Amino acid sequence: MQRKHYEADHEDYRATVREFLAREIEPHYAKWEEDRLIDRSAWLAAGASGILGLSVPEEYGGAGVTDYRFRNVVFEEIARTATTSFGSGLSVHDDIVIPYVLHLGTEEQKARWLPRMASGEVIGAIAMTEPGAGSDLQGVRTSAVRDGDEWVINGQKTFITNGIHSDFVIVVCRTDPEAGSRGFSLIAVERDTPGFTRGRKLHKVGLAAQDTAELVFENVRVRTDNLLGTEGKGFLHLMENLPLERISIAVSAIVAARAAYEWTKNYVFERKAFGKPIGDLQNTRFALAEMRTEIEVTESHIDRAVLALNAGELTAVDASMSKWWATELQKRVVDRCVQLHGGYGYMMEYPIGRAYVDSRIQTIYGGTTEIMKEIIGRDIAAEFQ
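Note that the structure is predicted; figures quoted are calculated from it, not measured.

Describe the side chain of aspartate 358, naming the residues involved and giving the relevant values.
Its place among the elements puts aspartate 358 in helix α9 (residues 351–359). Among buried charged residues, aspartate 358 stands out as having no salt bridge; its nearest opposite-charge side chain is arginine 354, 5.9 Å away. Here leucine 207 takes part through its backbone nitrogen, which lies 2.5 Å from a polar atom of the side chain of aspartate 358. Non-local contacts of aspartate 358, meaning those with residues more than four positions away in its chain, are made with Thr84, Gly206 and Leu207.

Take a look at the structure:
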């Protein structure tokens, strides 16, 4: 069946993305991976090329595009070029941080932050995870105490994507220790604010060039108007944005699986063993048949989820199903593709080798597979209560 997910405008945009990656990212990517840091010039180039801040309204310097299929195109082209570290940081900026400002920010906040986020001058991050609080956000200990017209923030965050480069960090804080889930708020902290420091740039298994860091807040004072949304409703605000966050991970997973399959399909019909292409061996054909089937079935589901997101109909449960299934599929497919590459699959000079180490985090961040199943299971149980 022919995939009918895109229209002519999406394919025109694909050409722009492809040209941008070939010019600004691919020639430098190996060095960035070796240095374990994407150069900031890549962000400025992405802003100038219209790759960044698609959803930012035109009045704030963006494209004003609400059709997520355009972001889908970006994911596909990044997967095709195996420049995943760049795509990961971009996704946090575009699919998590900007939507919080867009949906929760005051007019003054939007005017202050969105134009520079769309241009790549300001890189965004969100600080949720702490050394003692991961999937269970109720365990967050970072505090924000009001003092006159300022918030005073103290605490530590870890595993923060864009942690080194970030100029704008949305910090999940406990503003009322007695209020349970109603005691959290989202507060923006900007670079060079006194008391805000960066700890280690963390050395990860994969996504080497994507900067991940520890952040420390010691008596950090920010204006009370740096509060995003409503005080005490931070947990609710986080839940409201989860469908977009999780479908973005699901999209990145299925396009990565597709890219791995395509590289492997080409490889097995070029590589010979026992006098013929290994693609002619029955075991290889069966593996390709199984992967293609799983990818295309999942791709159809994710396409539907993206259209539901566009229509404002994608629920947190729907996104959780997409996220856990697509990321687990990605792991299976990439692992099988490494096997079919043989020893070359274990070499980092091959894109499948990079895809292997980059894929492992997908079932963990944004909510683990186990948490996704718990969300879905609770929804099923609620039918009988």
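With reference to specific residues and values, describe empty space enclosed by the protein.
Using the criterion set out here, one finds two cavities of 30 Å³ or more in the structure. Estimated volume of the largest cavity: approximately 40 Å³. Forming the walls of the largest cavity are Ile38, Trp43, Ser85, Phe86, Gly89, Asn162, His165, Ala209, Gln210 and Asp211. Its residues placed into classes, the lining of the largest cavity shows four nonpolar, five polar and one charged. Lining of the second largest cavity is provided by Arg3, Asn72, Ile254, Val255, Glu299, Ile302 and Asp303. Going through the elements one at a time, α6 (234–268) and α7 (282–310) are the ones with two or more residues in the lining of the second largest cavity. Looking at the lining of the second largest cavity element by element, the count peaks at three residues for α7. The residue makeup of the lining of the second largest cavity, split by class, is three nonpolar, one polar and three charged.

Can you explain the layout of surface pockets? Please cite residues and give values.
Gaps between atoms show up when a probe of the same size as a water molecule is rolled over them. Taken as a whole, the second largest pocket encloses approximately 460 Å³ of empty space. Elements that contribute at least two residues to the lining of the second largest pocket include exactly α3 (69–80), α4 (84–104), α6 and α7. In terms of residue count, α4 provides more of the lining of the second largest pocket than any other element does, five residues in total. Here the lining of the second largest pocket is built from residues that sort into ten nonpolar, six polar and six charged.

Which residues make up the environment of alanine 45, and what are the values?
The topology assignment puts alanine 45 in helix α2 (residues 40–48). On a C-alpha basis, the gap between alanine 45 and leucine 21 in space is 10.0 Å, while along the polypeptide they are 24 residues apart. In this structure alanine 45 touches Phe20 and Glu24, once residues within four positions along its chain are discounted.

A description of the nonpolar core should follow, citing residues and the corresponding values.
If you look at the biggest cluster of nonpolar residues, it comprises 38 residues, and the most contacted ones within it are Val251, Val333 and Ile352. Looking at this core, the elements with two or more residues in it are α3, α6, α7, α8 (316–341) and α9. With 14 residues, α6 is the largest single contributor of residues to this core. Setting aside its immediate chain neighbours within four residues, valine 251 contacts Tyr68, Asn72, Phe75, Ile302 and Val306. If you look at the next biggest cluster of nonpolar residues, it comprises 28 residues, including Ile96, Leu102, Met117 and Ala118.

Describe the packing of aromatic side chains, listing the residues and the values that go with them.
Across all of its chains, the model carries seven aromatic pairs by this definition. Aromatic pair phenylalanine 20 and phenylalanine 86: ring centres 6.1 Å apart, planes at 45°, arrangement tilted. Here phenylalanine 86 lies in helix α4 and phenylalanine 20 lies in helix α1 (residues 8–35), a separation of 66 residues in the sequence. Residue phenylalanine 20 shares its accessibility class with phenylalanine 86, and that shared class is buried. Arranged with centres 5.1 Å apart and planes meeting at 5°, the rings of phenylalanine 196 and phenylalanine 217 form a pair that is stacked. You can see phenylalanine 196 sitting in strand β6 (residues 196–201) and its partner phenylalanine 217 sitting in strand β7 (residues 212–223), a full 21 residues away along the chain. Among the residues examined, phenylalanine 196 registers a relative accessible area of 9% and is labelled buried. Here phenylalanine 217 falls in the buried class, since its relative accessible area comes to 1%.

Please provide a residue-by-residue account of the pattern of salt bridges, values included.
A full pass over the atoms with the stated rule returns 34 salt bridges. One salt bridge connects glutamate 328 with lysine 331, and the closest N-O pair in it is separated by 3.6 Å. A residue pair is termed a helical-turn pair when its members lie 3 or 4 positions apart in one helix, as glutamate 328 and lysine 331 do in helix α8 at three residues.

I'd like a rundown of the side chain of threonine 363, residues and numbers included.
Checked against the element boundaries, threonine 363 lands in the loop between α9 and α10 (369–382). Classification of threonine 363 by relative accessible area gives buried; the value is 5%. At 3.0 Å, the side chain of threonine 363 and the side chain of arginine 360 are in polar contact. Among all residues touching threonine 363, those that are not within four sequence positions of it are Lys323, Thr327, Glu328, Lys331, Thr368 and Thr369.

Rules used in this analysis
Residues numbered from 1 in each chain as written. Predicted model: local features only at pLDDT ≥ 70, side-chain atom pairs only at ≥ 80, totals over all residues. Heavy atoms only, no water. Helix = DSSP H or I, 4+ residues; strand = E, 2+ residues; numbered from the N terminus. Buried < 20%, exposed > 50% of the residue type's maximum accessible area, 1.4 Å probe, protein only. Lys, Arg positive; Asp, Glu negative; His and termini not counted. Salt bridge = Lys/Arg side-chain N within 4 Å of Asp/Glu carboxyl O. Polar contact = N/O pair within 3.5 Å; in protein donor to acceptor, adjacent residues only side chain to side chain. Contact = heavy atoms within 4.5 Å. 1 Å grid on protein atoms, 1.4 Å probe; cavity = no way out; pocket = protein on both sides within 12 Å on 5 of 7 lines; lining within 4 Å. Points joined across faces, edges and corners; volume = space filled by probe spheres on them. Nonpolar A, V, L, I, M, F, W, Y, C, P; charged D, E, K, R; others polar. Core = buried A, V, L, I, M, F, W, Y, C linked by side-chain atoms within 4.5 Å. Phe/Tyr/Trp six-rings, centres within 6.5 Å; stacked < 30°, edge-to-face > 60°.

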